[in-house]
Amino acid sequence: MEVRFVTLQRNEKDFLNYLMGNFSKTELAIPVTSLNISTFDEKVTFEIIKKTEVKKPSTLRLILSVLRLRNLSVVLVPLLSVLSETSDLFLAMQIATAVSFLLLAANLRNDVQDHVRGFDRINTRSGSRVIQKGWATAYQLQTLSWVFLFLASILGLPILWNAPGSLSLVALSGLAVLLGLSSRESNLRFSLFSELTTFLLTGPLLVMAGAYAINKEFSLGLLFWSLSWGAWYTVVSQFRTLRQLMLMSEANLPHWMVKVGFDRSKLYLAILFVLVSILLPAGFVSFFTDDLYYKGALVFLMITIVRFGPKIFTELLKINSPLSSSIEKVNQGIQIEHSLISFILALYFISKIIL
Amino acid sequence: MDIKIYDSKDFPSYLPKLNSLYDDLFSGGKGFRAKLIKMFAENLELSAKVELLLAQTIEFIHNASLLHDDLIDRSHLRRGKTTAWVKYTPEYAVLAGDYLLARVMVNLSSHGNIKLVSYTAEVISDLLEGEWIQDSLVRDFDINLNQLDRVHNLKTASLFKWCIRAPFIAKENYSEELHKILEEAGTLLGMLFQRSDDLLDFDIRNDEGKALLGDLKSGYLNSFAVFLFEGIDAKLKAEAILSQSLGELKSKVGEAHFELRAKQFDEINAHLIARYHHHLESLKMILSEKEKGILKRMSQLPEILYFRRKPSEKA
């Protein structure tokens with residue numbers, strides 16, 4: 001099988017067509033990865049492959065890979081916690097769906113921007129990797145992103161119309177999600193404020209905005225819960241970042257882990273992990289009413305934290321290299337723990353809404 | 001080797017055992033990197049003085065890393081001879097390596113091309129980072145090929161990148177476009193060389209009779225080992241890693257599986273070779289007519305480095 005490559009400069013007229021995947025009806029242009037940080041910007045080498053040669057997975061696997069539905073937990077759990085305080089099932093579903101669509105749109109846009117900037121050619125762990133595998137083009141992902149944004153607007157606008165007082169809060173949150181996490185020019189993901197952005201958007205801003213949109217009420221308990229969830233997710237996301245520390249250091253990205261170095265990053269992350277493991281159940285207890293389901297959810301939450309937490313903590317401290325396979329294992333462990341916690345909490349909140 | 005890399009007159013005679021150590025070190029070895037320099041020097045019309053400077057620089061850096069490597073790995077043999085740290089002392093081996101790196105800086109700064117000095121310093125830094133990271137991965141048997149490639153890009157490819165970029169820098173050709181292509185081409189050459197070296201450990205194209213399973217016995221999975229064990233049952237992998245001979249390893253993973261993976265490994269590296277040739281095509285667009293003469297010889301390098309045969313021979 002003959003291998004064909006094409007190298008194009010960014011300022012060449014066909015460059016964007018190749019990059020976005022719509023330069024040909026029968027062929028795909030996959031940018032080749034590079035181990036050299038300095039070469040990723042101006043010129044891109046593409047491997048040209050026939051679309052018929054790409055082995056695509058099943059439709060379900062493709063959808064799951066493209067959308068990365070597991071990431072929805074970051075907004076669904078706090079949102080469901082707020083929605084569990086309303087008896088309006090339709091409103092609850094409407095808000096949850098709108099915000100989910102917004103997050104999907106932002107994630108897809110992120111993947112496209114990483115691809116356009118060339119970041120995914122250097123960081124082979126970024127995004128869903130569906131473009132690199134030839135399963136979808138950047139153009140298709142971009143189109144899908146706009147579709148989800150449109151759907152989010154269709155669902156979200158009536159809600160905002162009925163609760164004008166929260167318009168600025170909710171709109172600000174949504175806009176910040178799109179701009180901060182998926183901006184081409186100033187990608188906050190790797191700025192010193194990236195953690196603060198993640199914390200605010202997944203915790204206090206989302207929960208408080210949602211609570212105000214539904215019943216115009218705030219409470220200290222709700223605030224504490226939102227802070228605990230935001231903190232939990234922010235720390236969980238840092239485990240993924242630890243995998244990329246060497247790359248970020250080579251690229252001199254302004255991330256706190258690059259500033260403090262490998263050894264201290266591990267230590268600080270371990271300490272933060274212990275703190276949020278205590279904070280999360282405390283936040284849950286502070287807000288939610290004492291009913292049977294709540295006790296059940298709390299028990300399962302504690303079991304999950306105790307079952308996974310200590311092992312993650314010790315394995316994290318034992319990691320002895322930024323390229324160690326242990327980082328991946330620890331990351332998988334924390335993702336499993338996070339998924340289980342999200343499932344338990346989501347199940348509890350949904351049962352509160354329904355029953 | 002045509003270029004005389006080591007001359008005792010260049011080193012102080014009052015330091016006991018130093019010249020004897022260097023005599024042992026430089027009398028073995030194929031001097032391949034110096035030959036690469038010679039190849040570029042001819043086509044770029046570098047003066048004999050500059051050619052010697054570049055050849056010495058790269059061989060000094062390479063051999064300094066060998067002195068340190070052998071001590072880190074506690075190897076007793078290098079090129080069929082007793083390693084320096086065993087024959088002399090570990091202290092002398094470390095200092096001898098450091099001294100070679102110091103001489104590199106002295107020689108380059110005397111030459112006066114500050115960009116060459118700066119780039120060489122970066123490469124030495126990359127080499128040491130690669131060594132450090134590699135050492136941190138000993139006994140990590142779940143590492144993947146992508147992670148290893150990052151290590152090899154620092155440890156091995158950095159010197160190949162230097163070999164093909166330094167002659168242009170010495171000629172004061174600092175074109176960014178040229179050097180980015182050379183950097184990518186150098187990375188591919190380095191990866192191919194390293195992967196070929198890793199195959200020798202499994203007696204694949206091992207005409208030089210290198211000792212087998214040396215990396216595995218040192219607690220290190222090389223690139224072919226990682227590829228070979230991919231997808232294998234964890235228990236079987238753990239047993240295979242403890243193999244004391246190649247025959248034992250093959251019987252554990254299965255002879256057919258071993259041969260299949262070797263073939264597939266060659267296929268993925270053929271892909272890298274195709275990418276390398278594509279970069280040579282890009283170079284054709286930006287080199288001068290005279291400089292283009294280097295491309296034919298560069299096109300033969302994958303054959304030499306990966307398949308370990310002269311370009312005129314075919315399998």
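Residues numbered from 1 in each chain as written. Chains lettered and ligands numbered in written order. Predicted model: local features only at pLDDT ≥ 70, side-chain atom pairs only at ≥ 80, totals over all residues. Heavy atoms only, no water.

Asks: Any chance you could explain the overall build of chain B here in plain terms?
Replies: Assigned secondary structure in chain B consists of 16 helices and two strands. Computed over C-alpha atoms, the radius of gyration of chain B comes to 20 Å, within 12% of the 20 Å expected from 2.2 N^0.38 for 315 residues, which places it in the range of a compact globule. Dimensions along the principal axes, computed over C-alpha positions, put chain B at roughly 55 × 50 × 35 Å. Nonlocal contacts in chain B, meaning residues at least 24 apart in sequence, comprise 69% of its contacts between residues at least 6 apart. Averaged over its 42 positive side-chain charges, chain B has a centre that lies 3 Å from the centre of its 47 negative ones. (Helix = DSSP H or I, 4+ residues; strand = E, 2+ residues; numbered from the N terminus. Rg over C-alpha atoms; globule rule 2.2 N^0.38 Å. Contact = heavy atoms within 4.5 Å. Lys, Arg positive; Asp, Glu negative; His and termini not counted. Charge placed at Lys NZ, Arg CZ, Asp CG, Glu CD.)

Asks: Please clarify how the interface of chain A and chain B should be interpreted in this entry.
Replies: Interface size is commonly expressed as the accessible area that is lost once the parts come together. Contacts between the two partners involve 29 residues from chain A and, on the opposite side, 28 residues from chain B. Interface area, chain A with chain B, both sides summed: about 2300 Å², of which 50% is carbon and sulfur. For the chain A face of the interface with chain B, the top three residues by lost area are Phe5(A), Leu35(A) and Leu323(A), together amounting to 29%. The tally of links from chain A across to chain B stands at three salt bridges. Ionic pairing is found between Glu177(B) and Lys43(A), a salt bridge with its closest N-O pair at 2.7 Å. Summed over the shared surface of chain A and chain B, the result is 15 residue pairs in polar contact (both at pLDDT 80 or more). Every element with two or more residues in the side of chain A that touches chain B is listed here: β1 (4–9), β3 (43–50), α11 (245–250) and α15 (325–354) of chain A. (Buried area = accessible area lost by both parts, 1.4 Å probe. Salt bridge = Lys/Arg side-chain N within 4 Å of Asp/Glu carboxyl O. Polar contact = N/O pair within 3.5 Å; in protein donor to acceptor, adjacent residues only side chain to side chain.)

Asks: What's the story with the nonpolar core in this structure? I'm lost.
Replies: One recurring pattern in soluble globular proteins: nonpolar side chains tend to sit buried together. Tyr22(B), Phe202(B), Phe229(B) and Met298(B) are the most contacted members of the largest nonpolar core, which totals 106 residues. In contact with Tyr22(B), not counting residues within four places along its chain, are Tyr6(B), Phe11(B), Ala96(B), Tyr99(B) and Leu100(B). Phe148(A), Val236(A), Phe287(A) and Phe288(A) belong to the second largest nonpolar core, which has 93 residues in total. (Core = buried A, V, L, I, M, F, W, Y, C linked by side-chain atoms within 4.5 Å. Buried < 20%, exposed > 50% of the residue type's maximum accessible area, 1.4 Å probe, protein only.)

Asks: What is the right way to look at the packing of helix α2 (residues 32–44) of chain B against helix α3 (residues 48–73) of chain B in this model?
Replies: Any two packed helices are characterised by the angle at which their axes cross and by the distance between the axes. All names here are of chain B. The interhelical angle for the contact between α2 and α3, taken along N-to-C directions, is 155°, at an axis separation of 8 Å. Here α2 lies roughly antiparallel to α3, going by the angle between them. Pair α2 / α3 crosses with right-handed handedness. Contacts between α2 and α3 involve Phe 32, Arg 33, Ala 34, Ile 37, Lys 38 and Ala 41 on the former and, on the latter, Glu 51, Leu 54, Ala 55, Ile 58, Glu 59 and His 62. Here the residues of the contact of α2 with α3 are counted per class, giving seven nonpolar, one polar and four charged. (Axes fitted to C-alpha atoms, helices over the stretch in contact; angles between N-to-C directions. Parallel < 35°, antiparallel > 145°, perpendicular 65-115°, else oblique. Left-handed = near helix turned anticlockwise from the far one by under 90°. Nonpolar A, V, L, I, M, F, W, Y, C, P; charged D, E, K, R; others polar.)

Asks: I tried to follow the packing of helix α12 (residues 234–241) of chain B against helix α13 (residues 246–253) of chain B on my own but got confused; where do I start?
Replies: Residues and elements named next belong to chain B. Here α12 crosses α13 at 170°, and the two axes come no closer than 9 Å. Of the possible angle classes, the one that applies to α12 and α13 is roughly antiparallel. Contacts between α12 and α13 involve Leu 236, Glu 239 and Ala 240 from the former and Leu 249, Lys 252 and Val 253 from the latter. When the residues that make up the contact of α12 with α13 are grouped by side-chain class, the tally is four nonpolar, no polar and two charged.

Asks: Could you clarify how one ought to interpret helix α2 (residues 59–67) of chain A in this entry?
Replies: By the burial criterion, the buried members of α2(A) are Leu62(A), Ser65(A), Val66(A) and Leu67(A). Directly beyond the C-terminal end of α2(A), a positive phi value near 50° is found at Arg68(A).

Asks: What's the story with the pairing of strand β2 (residues 27–31) of chain A in this structure? I'm lost.
Replies: Residues and elements named next belong to chain A. The buried fraction of β2 amounts to five of the five residues, a majority that puts the element mostly inside the structure. Here β2 shows no split at all, with Glu 27, Ala 29 and Pro 31 on one side and Leu 28 and Ile 30 on the other all buried. Judged from the five bridges that link them, β2 and β3 form a sheet pairing that is antiparallel. Residue pairing for β3: Leu 28 is matched across the bridge by Ile 49. (Pairing = 2+ DSSP bridges.)

Asks: Help me understand the environment of Leu15(B) in this model?
Replies: Along the chain, the position of Leu15(B) falls in the segment before α1 (18–27). Once the C-alpha coordinates of Leu15(B) and Val123(B) are considered, the two residues, 108 residues apart in sequence, prove to be 28 Å apart.

Asks: Before we go on, may I ask you to explain the pairing of β3(A) in this structure?
Replies: Residues and elements named next belong to chain A. Among the eight residues that make up β3, six are buried, leaving the element largely enclosed by the rest of the structure. Where β1 lies against β3, six bridges are found, and the strand directions are antiparallel. When the bridges of β3 are listed, Thr 7 appears paired with Thr 45.

Asks: Hey, could you run me through the pattern of salt bridges in this one?
Replies: Should their charged atoms come close, side chains of opposite charge can pair. Residue and element names in this part refer to chain B. Scanning all chains against the criterion turns up 32 salt bridges over all chains. Note that Glu 208 is salt-bridged to Arg 308, the shortest N-O span being 3.2 Å. Pair noted here: Glu 208 is in the loop between α9 (176–200) and α10 (214–217) and Arg 308 is in the segment after α16 (301–305), with a separation of 100 residues, a long-range link. Residue Glu 208 is classed as partly exposed on the basis of its relative accessible area of 45%. Residue Arg 308 is classed as buried on the basis of its relative accessible area, which comes to 18%.

Asks: Looking at this model, I keep getting lost on the side chain of Asp70(B). Mind explaining?
Replies: All names here are of chain B. When you line up the elements, Asp 70 lands in helix α3. By relative accessible area, which is 6% here, Asp 70 ends up buried. Among the polar contacts made by the side chain of Asp 70, one reaches the side chain of Arg 78 at a distance of 2.8 Å. Sequence-distant contacts of Asp 70, defined by excluding residues within four places in its chain, comprise Ser 75, Arg 78, Thr 83 and Trp 85.

The values reported here are purely geometric and, on their own, carry no functional implication.
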